[in-house]
Each structure stands twice: as C-alpha cells, then as structure tokens.
Amino acid sequence: MTVFFIGAGPGDPELLTLKAARIIGACPVCLYAGSLVPEEVVACAPKDARVLDTAPMTLDETHAEILAAHAKGQDVARVHSGDPSLYGAIAEQIRRLRADGIDYEIIPGVPAYTAVAAALGQELTIPEIAQSIVLTRMSMKSTSMPAGETLENFAISGATLAIHLAIRNMREIERVLIPHYGADCPVVVAYRASWPDQIIIRGTLSDIRKKVRDAKITRTALILVGPALKEQQDFVDSALYHPDMEHVLRNRKTPAA
C-alpha cells in the first residue's frame, strides 16, 4: 500500500489537481485536515471509503489509522490544505512511515499565496520592483522559528512577504516592518482565500491592523506585504517579450532595409 500526501489547494474544490482527485477517488481510506480542507474536496472518495477528519486527532491517532490500513493493504489519501510541502506537518509523518517501511508519495497542490494573487488580479513579481517572494510565518503559540529567520532579516531584502499563521500578531508586524517598508507600504490580508466566504482586505502597514480588527478576522488568514501589491503603479515591461531580447525560441528582428 501507499500513503499519498495530497495537496488540496487553498479551499476551492475546483483547484484540486486532476491527479489528486483521481487518487482520492481510488483510496479506501481518506484522512483529511477538516479545519482547513472543506468536505467537498474529499467528496470524490469511494462511497464505502473510511473518511476521517483529522483535525481533532493526534499524530499517534492518525498514524494508527495508517497502520491499520497498511495491515489490510489499503492505500491512504492523506489530504492537507494548500501544498503539503509548506507548513503541512508531513515531515514527522514521513519519519514514522519510513521507520515502519511504509511507502508514500507526495502530490503537490495549489498554495494559498497564489490563490490570493489570483483574487487580487495581480502578479506578485513586478519588473524592477519585486522579484522575490518570502514564504514565512511567526512563532506565536506554534513551533519556534530558527534563529535568523526573522521578519527583520527578511524585510532587509524588500521582497514581497507572504506571512502565514500571524493574523493575531498584526501589531508586531507593523512595528517590525514599517522601518524597512514604510508606513504606506501596501498590505493585503486574505481570509479563507478561494472559499465562498473569502474576505480580501487591502490597506497599508499603518492602517491594516485596524481594518483586520474591524473585520473580526482572527484565524485562517494569509498576510502579504510589499510594494508589488500596489494596485496602480508604473513599471518597465518585462525583458522576456521585448523585441530586442533574443533567445532560443525568438531571434531578434532585423530592421527592414
């Protein structure tokens, strides 16, 4: 048997990949993170499948379900939100699978920050303004951050920041980032991006905290910060399609004689 770690995407069932849907539809056991993955995503599981919401379960309990499936030779769809490689808590699960000699495979999913960019109708990498995206989080009550992986250090780059698990720490984000990005730097807070109740809040580092508080958003939100988020701005065209940019698929045009 095989345990398939499946990225369910940000929430919209239609953003589930074809491969992910096919595997969920074939596995007799489906374990999904119900706090972040809607039931509609796993609705394609076989009618007689064992489908469990792992939100109230411990790591030991979920692994016990996998061991039981392994004893029966049953494949397991282990469904996580977004892409399982990012804050999916799959590393400790994989460690146990390896110790028990159980095969596994990872099926990537659409990450939340791309769903937010789609909702904004914007590109996040703007020529000469921002060409890097930092995916990070803040410690708060979760696992501590490694030394050096701080907002201060990331802010020095001026890159677009995608900050996870930090919606209750807006005051600290404001304090740390304003000296580097400026008080008028654009900020976007996306609550449950791609879900039917999605909320997108635009603001700046100086006013976003109040807007979030007024909207009563306290969980399941992604914070984007950076100059690339400005709605209207002047920037140069990408060199990729410039007529003077020669590459293997396009030769430079020679002026007519």
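Heads up: these notes are all about the structure in this document. The structure presented is a predicted model; accordingly, all values stated were derived computationally and were not measured. (Residues numbered from 1 in each chain as written. Predicted model: local features only at pLDDT ≥ 70, side-chain atom pairs only at ≥ 80, totals over all residues. Heavy atoms only, no water.)

1. Examining the pattern of salt bridges
A complete count under the given rule lists eight salt bridges for this structure. Arg96 is the partner of Asp60 in a salt bridge, and the nearest nitrogen-oxygen pair spans 2.6 Å. Placement of Asp60 in helix α2 (residues 59-72) and of Arg96 in helix α3 (residues 91-99) is noted, with a sequence separation of 36 residues between them. Glu172 is paired through a salt bridge with Arg175; the nearest N and O atoms lie 2.6 Å apart. Of this pair, Glu172 and Arg175 both sit in helix α6 (residues 170-181), three residues apart, which is roughly one turn of that helix. The class for Glu172 is partly exposed, based on a relative accessible area of 27%. (Salt bridge = Lys/Arg side-chain N within 4 Å of Asp/Glu carboxyl O. Helix = DSSP H or I, 4+ residues; strand = E, 2+ residues; numbered from the N terminus. Buried < 20%, exposed > 50% of the residue type's maximum accessible area, 1.4 Å probe, protein only.)

2. A short note on the packing of α2 against α3
At a closest axis distance of 11 Å, the pairing of α2 and α3 adopts a crossing angle of 45°. In terms of their interaxial angle, α2 and α3 are classed as oblique. Crossing angle aside, the handedness with which α2 passes α3 is right-handed. Residues Leu59, Asp60, His63 and Ile66 of α2 touch α3, and the partners they reach there are Glu92, Gln93, Arg96 and Leu97. In the contact of α2 with α3, the residues fall into three nonpolar, two polar and three charged. (Axes fitted to C-alpha atoms, helices over the stretch in contact; angles between N-to-C directions. Parallel < 35°, antiparallel > 145°, perpendicular 65-115°, else oblique. Left-handed = near helix turned anticlockwise from the far one by under 90°. Contact = heavy atoms within 4.5 Å. Nonpolar A, V, L, I, M, F, W, Y, C, P; charged D, E, K, R; others polar.)

3. Digging into the environment of Ile90
For Ile90, the position within the fold is in the loop between β4 (76-80) and α3. Sequence separation between Ile90 and Ala118 is 28 residues, and the spatial gap between their C-alpha atoms is 27 Å. When neighbours within four sequence positions are excluded, Ile90 is seen to be in contact with Phe5, His80, Pro84 and Ile106.

4. Brief notes about the environment of Ile107
With respect to the helices and strands, Ile107 occurs in strand β5 (residues 103-107). Ile107 gets classed as buried once you look at its relative accessible area, which sits at 1%. Setting aside anything within four residues of it in sequence, one finds Ile107 in contact with Phe4, Phe5, Ile6, Gly7, Thr17, Lys19, Ala20, Ile23 and Pro84.

Honestly, it's all geometry; don't read function into it.
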